[in-house]
Amino acid sequence: MHQDILFKPFNLSDELTLKNRIIMAPMNRSMADNSSVPTVDMADYYGRRADTGLIITESLMISPSAMGYPNTPGIFTSSQIDGWKIVTDKVHENGGKIFAQLWHTGRVSHPDYLNGEKPYAPSAVALTGRIPRSNNLQYGEPREMTNSEIQQLINDFSQAAANAREAGFDGVEIHAANGYLLDQFLHHDTNRRSDSWGGTPENMSRIIFEVIDAVSSQISHVGLRLSPAAYIHLEHDDRDSSVSDYLLNRLNRYALSYVHTGMFEDGYYDHLGGSVTQYIRSHYSGTVIACGGYSAETGRETILKGDANLIAIGRPLIANPDYVEKVRNLKPLKAYEVEMLNTLV
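What this report covers is the structure whose coordinates are included nearby.

Criteria and thresholds
Residues numbered from 1 in each chain as written. Predicted model: local features only at pLDDT ≥ 70, side-chain atom pairs only at ≥ 80, totals over all residues. Heavy atoms only, no water. Axes fitted to C-alpha atoms, helices over the stretch in contact; angles between N-to-C directions. Helix = DSSP H or I, 4+ residues; strand = E, 2+ residues; numbered from the N terminus. Left-handed = near helix turned anticlockwise from the far one by under 90°. Contact = heavy atoms within 4.5 Å. Buried < 20%, exposed > 50% of the residue type's maximum accessible area, 1.4 Å probe, protein only. Pairing = 2+ DSSP bridges. Salt bridge = Lys/Arg side-chain N within 4 Å of Asp/Glu carboxyl O.

Where helix 5 (residues 201-216) contacts helix 6 (residues 240-251), the two axes come as close as 9 Å, and the packing angle between them is 35°. Considering only the axes of helix 5 and helix 6, their crossing is right-handed. Contacts between helix 5 and helix 6 involve Pro201, Glu202, Met204, Ser205, Ile208, Phe209 and Ile212 on the former and, on the latter, Ser242, Val243, Tyr246, Leu247, Arg250 and Leu251.

This paragraph deals with the pairing of strand 5 (residues 98-103). Counting buried residues along strand 5, 6 of its 6 residues qualify, which places the element largely inside the surrounding structure. Burial of the side chains of strand 5 extends over both faces: Ile98, Ala100 and Leu102 are buried on one face and Phe99, Gln101 and Trp103 on the other. Note: strand 4 (residues 54-61) against strand 5, 5 bridges, orientation parallel. Across the sheet, Ile55 pairs through a bridge with Ile98, a residue of strand 5. When strand 5 meets strand 8 (residues 171-176), the two strands line up parallel, connected through 4 bridges.

Attention now moves to the pattern of salt bridges. A side chain with one charge may pair with a side chain of the opposite charge, provided their charged atoms come close. Tallied over the entire structure, the rule returns 13 salt bridges. In this structure, the salt-bridge partner of Lys326 is Asp322, at a minimum N-O distance of 3.5 Å. Between Glu325 and Lys331 there is a salt bridge, and its shortest N-O distance comes to 2.8 Å. The class for Glu325 is partly exposed, based on a relative accessible area of 27%. The exposure class of Lys331 is partly exposed, given its relative accessible area of 43%. Linked through salt bridges whose partners overlap, the residues forming this network are Arg107, Asp189 and Arg192.

Spelled out as structure tokens, the structure:
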């Protein structure tokens, strides 16, 4: 098994080498304390998974306005930074690498989490449905962001990246997927602006490049998570493909660590001509992380076909902290069960 592509090292850069191609996917656990500070249990949880080539954390709120679920961790106060130092120290002591995923939920929130204020979004378009992990809270209409609020958002991402560097992270991932705030700018369903932040692929993508520039000024290694297929928290629009085409092609000019598929299931989409990962690879020539229901077997095939360089594993890593060792030695995996979300093991 020592020749298995999954266990060959991979250079994210001249300064950062991953010991294998298996990535821990970001998975929100809502286990921080009531001040959004990561706990010792969280440090142990991530430390037990340091055998992966890279850990990408659950989503970290970049500011108080970013909250959309209870007990999600932040990276905007000194106590949160100190809490994450304990996490990164544990991972590094165990020989691992770890990136912080930087996040703002946008309209995927509720005034109960925001001191009574409406959540903000590119446009005042309501999201319907019930908020998970809440007492039957329902989504409502957000308010459209002003230009000054957009600039503040960019600054908040930049400061969060600086805080992540202080906390000892090896890099950060910008969360621009899964229908959250940055992704809302990239889809016509949620971005109905007619100013310089909407209306055309160039304008709708603008915030991504400004956030990348701001974050890259603070930390050396920057990844980006994208969901070109609208599948959660927003609706598909045929015009979105031109936005994704433009965005991915222009990303080739940037020195990103990777682009990461933001999907629960990386299936086939007619309008993309393949899986989301295959679509990303067809436009983007840098490092690609495939994510979305992969096993070790399908991940290996995806890498060998050239559709991706790295494979992100989610729920199997919740069930199996020793996932890498088990796959390497052909041991059976423990099946994931939803009850496992109730504890950090």
